[in-house]
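Chain by chain, the residues run as shown.
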Amino acid sequence: MAERMLQFVRLPQATPDKREAVQRRADFGEIYAPFDPKAAAGQASRCSQCGVPFCSVHCPLNNNIPDWLKLTAEGRMEEAYEVASATNNFPEICGRICPQDRLCEGNCVIEPGFESVTIGAVERHITETAFAEGWVKARRPARERPHSVGIVGAGPAGLAAAEQLRAKGYQVHVYDRHDRAGGLLIYGIPNFKLEKQVVRRRVELLEQAGIRFHLGTSIGPDMSFASLRARHDAVLVATGVYKAREMGGPGAGLGGIVKALDYLIASNRQGLGDTVAEFTSGALDARGKRVVVIGGGDTAMDCVRTAVRQGAASVVCLYRRDRANMPGSMREVANAEEEGVQFMWLAAPEAFHGDGRVTGVRAVRMHLGLPDASGRQAVEPIEGSHFSVPADLVIKALGFDPEDLPGMFGEPALKTTRWGTVAIDPRTFMTKLPGVFAAGDIVRGASLVVWGIRDGRDAAASIHKYIEARASVPQAAE
Ligand code: FAD
Ligand code: SF4
Ligand code: SF4
């Protein structure tokens, strides 16, 4: 092993510089600066090159992390990029927005007290270096195949599958109801976590590789699912999950109570230079308002931090469990707190005050009870513990469920699970319809970008096998 590894005993963990909260609050720029090459090499050299690298085991893409850390420590950046990009279509995106504390870094075995290797920041550094040096190229196929694949959804799952299939020579067509490709990378995740230019740069490479995008095309309303199937040799459904979970209670229908994704899409569109009526009218603009966000996941964290940047008068997050039990990334909670967000843990909304428009949220304190069958502690209200929080804008960020896809596609034979996700054979990613595959959140339920990429890659491999197998046997006339 190179002597320059195992430096964790000497060199403390360091993350890239983070902009001061007071500056961050004033704009939507990314909050972390890139690593400089020396810092990246130093941090990579902290890795102890484990024989069984738990970081890789807990990375959904099983990235070959120790190898690219070693190459970075040795300054062999082009090789580091080759290794990093062999298993990940968008390493610069994962390096920025994976919840590393729960995945690779959270499972790095460097002894407690020395702190994990900053894997995500090094992955971002490797890929940004590769872009700067011109090593990242469109993956044009060596030979063209006559078969075509239609992909519904230009989110990370659809895009990863598209790139894999195109590299094999397929004629790949991606359909999306939005006017820009990227799915939640563009319209969900805010700029301060992932600048839109980073996503656009990738989409441009996919276009250069020969992938055809049909944007503003909603499968179901604009083009029937049957005609899509007739056009292509195989179809991949990668439509994500978008039905917002609702909450009830008196006053839940008041004006000024909005859905998280409507709010974030308006903000992202505004940032991209679009004219957004609901933003211009103030309905989805937090400026000067007392904002209450309800929920404890990544979406809630993105809403509170967007509201801060829009110039909200105050931002409160209500979550019915405690900090340790929230689903969102701890790192994002810490960032939100630094930016001035007030968290009210163990607090659940019961009712909304107001006459026509919301003026406040009545909440009740909760306590954590005994764990249920899944091991998760139940939450119970504490009697007589009601309190009110003033609010002009309430954002509901309670999670997402799948839309009624068989209904939208007019295809009842597309079977779903009891959660409404699309049912697949997990070995092949094929649905109950021959030649129709599914991947990403529409199969898993709301998940992570890195899992979308993984599923997209696996589904692409399976589609390739399916088309090859059919091509090798004569087909009966249909
Ligand atoms: P999506 O990204 O949802 O893409 C699906 C695409 O399908 C969309 O573009 C949609 O327009 C299109 N579509 C749907 N129906 C149709 C139709 N009928 N016809 C044509 N097109 C259609 N994950 C992380 O790893 N890190 C994070 O920090 C993070 N933050 C998040 C913040 C927010 C606010 C949200 C909502 C999610 C976040 N996630 C995060 C989760 C992550 O974004 C998703 O898990 C991931 O994008 C799922 O990828 P996908 O390709 O399955 O679906
Ligand atoms: Fe870690 Fe995500 Fe990169 Fe895997 S893809 S190494 S989990 S940052
Ligand atoms: Fe290196 Fe940590 Fe991975 Fe071990 S677990 S190979 S020390 S990054």
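Being a predicted model, the structure only gives us computed values, none of them experimental.

## Section: the nonpolar core
Counting residues in each nonpolar core, the largest one holds 80 residues, and the members touching the most others are Trp68, Ile151 and Phe213. At 8 residues, the largest contribution of residues to this core is made by helix H18 (residues 449–472). Counting residues in hydrophobic clusters, the runner-up holds 30 residues, among them Val258, Leu264, Ala300 and Ala312.

## Notes on the packing of helix H4 (residues 65–73) against helix H7 (residues 119–133)
The description of two packed helices rests on the angle between their axes and on the distance between the axes. Look at H4 against H7: their axes get within 11 Å of each other, and the N-to-C directions meet at 60°. In terms of axis orientation, H4 runs oblique to H7. Our pair here, H4 against H7, has a crossing hand that is left-handed. Across from Ile65, Trp68, Leu69 and Thr72 in H4, the residues of H7 making contact are Ile119, Val122, Glu123, His125 and Ile126.

## Notes on a nonpolar patch on the surface
A surface patch of nonpolar side chains, about 350 Å² in accessible area, is lined by Val52, Phe54, Val57 and Val109. As for its placement among the helices and strands, Phe54 is situated in helix H3 (residues 54–57).

## Brief notes about the sheet that holds strand E10 (residues 347–355)
With antiparallel pairing, the 3 strands of this open sheet are ordered in space as E10-E11-E12. Two strands in the sheet have a free side with no partner beyond their single neighbour: E10 and strand E12 (377–390). Neighbour-to-neighbour, the strand axes of this sheet turn through a mean angle of 20°, independent of strand direction. As paired elements, strand E11 (residues 357–371) and E12 share 9 bridges and run antiparallel to each other. Looking at E12, one finds that Met366 is bridged to Pro381.

## Points about the environment of Trp419
Among the secondary structure elements, Trp419 is positioned in the loop between helix H16 (405–409) and strand E15 (436–438). Judged by its relative accessible area of 58%, Trp419 is exposed. Between the C-alpha atom of Trp419 and that of Gly445, which follows or precedes it by 26 residues, the distance is 8.2 Å.

## With respect to the packing of helix H12 (residues 260–271) against helix H14 (residues 298–310)
Two elements in contact, H12 and H14, have axes separated by 10 Å at closest approach and are oriented at 45°. Here H14 runs oblique to H12, going by the angle between their axes. Handedness of the crossing formed by H12 with H14: left-handed. Contacts between H12 and H14 involve Ala260, Tyr263, Leu264 and Ser267 from the first element and Thr299, Asp302, Cys303, Thr306, Ala307 and Gln310 from the second. Among the residues making up the contact of H12 with H14, the classes are represented as 5 nonpolar, 4 polar and 1 charged.

## A look at the site of ligand 3
Close to ligand 3 lie Cys47, Ser48, Cys50, Pro53, Cys55, Pro66, Leu69, Cys108, Val109, Ile110, Val117 and Ile119, which account for all nearby residues. Broken down by class, the residue content of the shell around ligand 3 amounts to 11 nonpolar, 1 polar and no charged.

## Some thoughts on the environment of Ile93
With respect to the secondary-structure elements, Ile93 resides in helix H6 (residues 91–97). Placed 148 residues apart in sequence, Ile93 and Val241 show a C-alpha to C-alpha distance of 20 Å. Leaving out residues up to four positions away in the same chain, Ile93 has contacts with Cys98, Leu185, Leu194, Val198 and Val449.

## Points about the site of ligand 2
Near ligand 2 lie 13 residues; those nearest to it are Cys59, Asn63, Cys98, Cys104 and Glu123. Across the shell around ligand 2, the residue classes tally to 9 nonpolar, 3 polar and 1 charged.

## What to know about the domain arrangement of the protein
We note that the domain assignment places domain 1 (7–133), domain 2 (148–241 + 402–469) and domain 3 (244–396) within the protein. Using only C-alpha atoms to locate each centre, domain 2 and domain 3 end up separated by 30 Å. Every contact between the two is made by 15 residues of domain 2 and, on the other side, 13 residues of domain 3. Taken together, both faces of the contact between domain 2 and domain 3 bury some 1200 Å²; the carbon and sulfur share is 56%. Along the contact surface separating domain 2 from domain 3 lie 3 salt bridges. Asp302 is the partner of Lys193 in a salt bridge, and the nearest nitrogen-oxygen pair spans 3.0 Å. Summed over the shared surface of domain 2 and domain 3, the number is 6 residue pairs in polar contact (both at pLDDT 80 or more). Put simply, the parts of the chain that give the side of domain 2 that touches domain 3 at least two residues each are helix H9 (184–187) and helix H10 (196–208). Of the residues assigned to the side of domain 2 that touches domain 3, the class counts are 7 nonpolar, 3 polar and 5 charged.

Each value, and the rule that gives it
- Residues numbered from 1 in each chain as written.
- Chains lettered and ligands numbered in written order.
- Predicted model: local features only at pLDDT ≥ 70, side-chain atom pairs only at ≥ 80, totals over all residues.
- Heavy atoms only, no water.
- Core = buried A, V, L, I, M, F, W, Y, C linked by side-chain atoms within 4.5 Å.
- Buried < 20%, exposed > 50% of the residue type's maximum accessible area, 1.4 Å probe, protein only.
- Helix = DSSP H or I, 4+ residues; strand = E, 2+ residues; numbered from the N terminus.
- Axes fitted to C-alpha atoms, helices over the stretch in contact; angles between N-to-C directions.
- Parallel < 35°, antiparallel > 145°, perpendicular 65-115°, else oblique.
- Left-handed = near helix turned anticlockwise from the far one by under 90°.
- Contact = heavy atoms within 4.5 Å.
- Patch = residues over 30% accessible without salt bridge, like charges linked within 9 Å, V, L, I, M, F, W, Y side chains within 5 Å.
- Areas by Shrake-Rupley, 256 points an atom, 1.4 Å probe, with all protein chains shown as cover.
- Salt bridge = Lys/Arg side-chain N within 4 Å of Asp/Glu carboxyl O.
- Pairing = 2+ DSSP bridges.
- Nonpolar A, V, L, I, M, F, W, Y, C, P; charged D, E, K, R; others polar.
- Near = heavy atom within 4 Å.
- Domains from an automatic or database assignment.
- Buried area = accessible area lost by both parts, 1.4 Å probe.
- Polar contact = N/O pair within 3.5 Å; in protein donor to acceptor, adjacent residues only side chain to side chain.

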